[in-house]
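Letter by letter, the chains look like this.
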Amino acid sequence: MLDMLRFSRKPYKLGLVLSGGGARGFAHAGALMALEEMGIRPNIIGGVSAGSVVAVMYAAGMSPEAIIKAFSDIKFGDFAELAVPRDGFFSMDGFRKFLRKQIPYDDISQLPLPTVVCATDLLDSKAVAFSEGSIVDCVSASCSIPIVFKPVKIDGVTYVDGGVVANLPAWALRDKCKYLIGINCSPMPRRGKPKSILDIAQLTYDSLVKNNAQAQMEMCDLAISINDIATYKVFNLKEINKVFRSGYDSTMLALLNAGFVRPASLRKT
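Bear in mind the structure is a predicted one, so any value in this text is a computation, not a measurement.

Scoring rules and cut-offs
Residues numbered from 1 in each chain as written. Predicted model: local features only at pLDDT ≥ 70, side-chain atom pairs only at ≥ 80, totals over all residues. Heavy atoms only, no water. Axes fitted to C-alpha atoms, helices over the stretch in contact; angles between N-to-C directions. Helix = DSSP H or I, 4+ residues; strand = E, 2+ residues; numbered from the N terminus. Parallel < 35°, antiparallel > 145°, perpendicular 65-115°, else oblique. Left-handed = near helix turned anticlockwise from the far one by under 90°. Contact = heavy atoms within 4.5 Å. Phe/Tyr/Trp six-rings, centres within 6.5 Å; stacked < 30°, edge-to-face > 60°. Core = buried A, V, L, I, M, F, W, Y, C linked by side-chain atoms within 4.5 Å. Buried < 20%, exposed > 50% of the residue type's maximum accessible area, 1.4 Å probe, protein only. Right-handed = clockwise from strand over helix to strand, strands pointing away. Nonpolar A, V, L, I, M, F, W, Y, C, P; charged D, E, K, R; others polar.

Novice: How would you explain the packing of helix H3 (residues 50-59) against helix H7 (residues 135-142) if you had to name every residue and give the values?
Specialist: One can describe the packing of H3 onto H7 by two numbers: an axis separation of 8 Å at closest approach and a directional angle of 150°. Taken together, the axis directions place H3 and H7 in an arrangement best described as roughly antiparallel. As H3 runs across H7, the sense of the crossing is right-handed. The residues of H7 that touch H3, namely those facing Ser52, Val53 and Val56, are Ile135, Val139 and Ser142.

Following this line, the structure appears as structure tokens:
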């Protein structure tokens, strides 16, 4: 019996998983700020697509405010370069340079906070979790929205955006944590008629993640959805401060409603 109990123990007390969502992923930085103010710090973090970007930056030691600041003067064109559209309209060379500049680690296993980055194996249509490997390669793979961006090859395997199969990677951390919090920044919006290839890609992305996120949210002990950012577009980096604030406000409210208590130093007197 003692052996069974030992092997059934989960290695981490608190896990945090962050969904994909493009520019809406900046809500995750706001959510992290709310968690910190409540004295909540994950022992392991996982992310998909935009969530993987925030996850590795946070795991590398960047504060939520520093994460937002790093993107403050960035435009979509700084990350994506138009390419010959054989397997994707844009390359991610600019994005890869950005990651190298911001994160002083090469391998996921080197990050001070244990981290899992999730992507989709394109040929086998299955979710894959990376807990080691090149940060730049794995995060780029996790963010590679099909058709929009070129897929990423790692060890001969072709990967695309993790949100294609599971936009909230609860599956990757559920068996590792006693308590799991999930942040979903991809609520399904109502959108008008698409006017460009990026609009079509965004509608396709929204439809994909709507169909797979709910089951992942149900695996979490606390699932928080940032609903008021639904109208923000996946590729629009102009409203990141508003998205950040929405992530903070929604997460703080959800934590208080779930019974978490503000540390005494933050309570109003």
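Having seen the structure, we can now continue with the description.
Novice: Go over the packing of aromatic side chains with me, naming the residues and quoting the values.
Specialist: Applying the stated criterion to the full structure yields 4 aromatic pairs. Judged by centre distance (4.8 Å) and plane angle (75°), the ring pair of Phe26 and Phe71 falls under edge-to-face. Taken together, the residues span a long stretch of sequence, with Phe26 in the loop between strand E1 (12-18) and helix H2 (27-37) and Phe71 in the loop between helix H4 (64-70) and helix H5 (76-79) at a distance of 45 residues. For the pair Phe71 and Phe98, a centre-to-centre distance of 4.7 Å together with 50° between the ring planes defines the contact as tilted.

Novice: Pulling in residues and values, what's your account of the nonpolar core?
Specialist: In terms of nonpolar packing, the biggest core is built from 69 residues, with Met57, Phe71, Val139 and Ile181 touching the most fellow members. Residue contacts for Val139: discarding those within four places in its chain leaves Ser52, Val53, Val56, Phe95, Leu99 and Val117. Residues Val48, Ala170, Cys177 and Cys220 belong to the second largest nonpolar core, which totals 13 residues.

Novice: Pulling in residues and values, what's your account of the environment of Ala141?
Specialist: Looking at where Ala141 falls in the secondary structure, it is placed in helix H7. Here Ala141 falls in the buried class, since its relative accessible area comes to 0%. Along the backbone, Ala141 and Val152 are 11 residues apart, and their C-alpha atoms lie at a distance of 5.1 Å. Apart from the residues lying within four places of it in its own chain, the contact partners of Ala141 are Ala119, Val152, Ile154, Tyr159, Val160 and Asp161.

Novice: Can you break down the pairing of strand E2 (residues 44-48) residue by residue, with the values?
Specialist: The element E2 is extensively covered by neighbouring structure, given that 5 of its 5 residues are classed as buried. Here E2 shows two buried faces, one formed by Ile44, Gly46 and Val48 and the other by Ile45 and Gly47. Following the backbone out of E1, through H2 and into the adjacent parallel E2, one traces a crossover that is right-handed.

Novice: Just give me the short version of the packing of H2 against helix H10 (residues 240-257), but keep the residues and values in it.
Specialist: The interhelical angle for the contact between H2 and H10, taken along N-to-C directions, is 40°, at an axis separation of 6 Å. Judged by the inter-axis angle, H2 sits oblique to H10. You can see that H2 and H10 cross each other, and the crossing is right-handed. Packed against H2, whose contacting residues are Ala27, Ala29, Gly30, Ala31, Met33, Ala34, Leu35 and Glu37, the element H10 presents Val243, Phe244, Gly247, Tyr248, Thr251, Met252 and Leu255 at the interface. Considering only residue class, the contact of H2 with H10 consists of 11 nonpolar, 3 polar and 1 charged.

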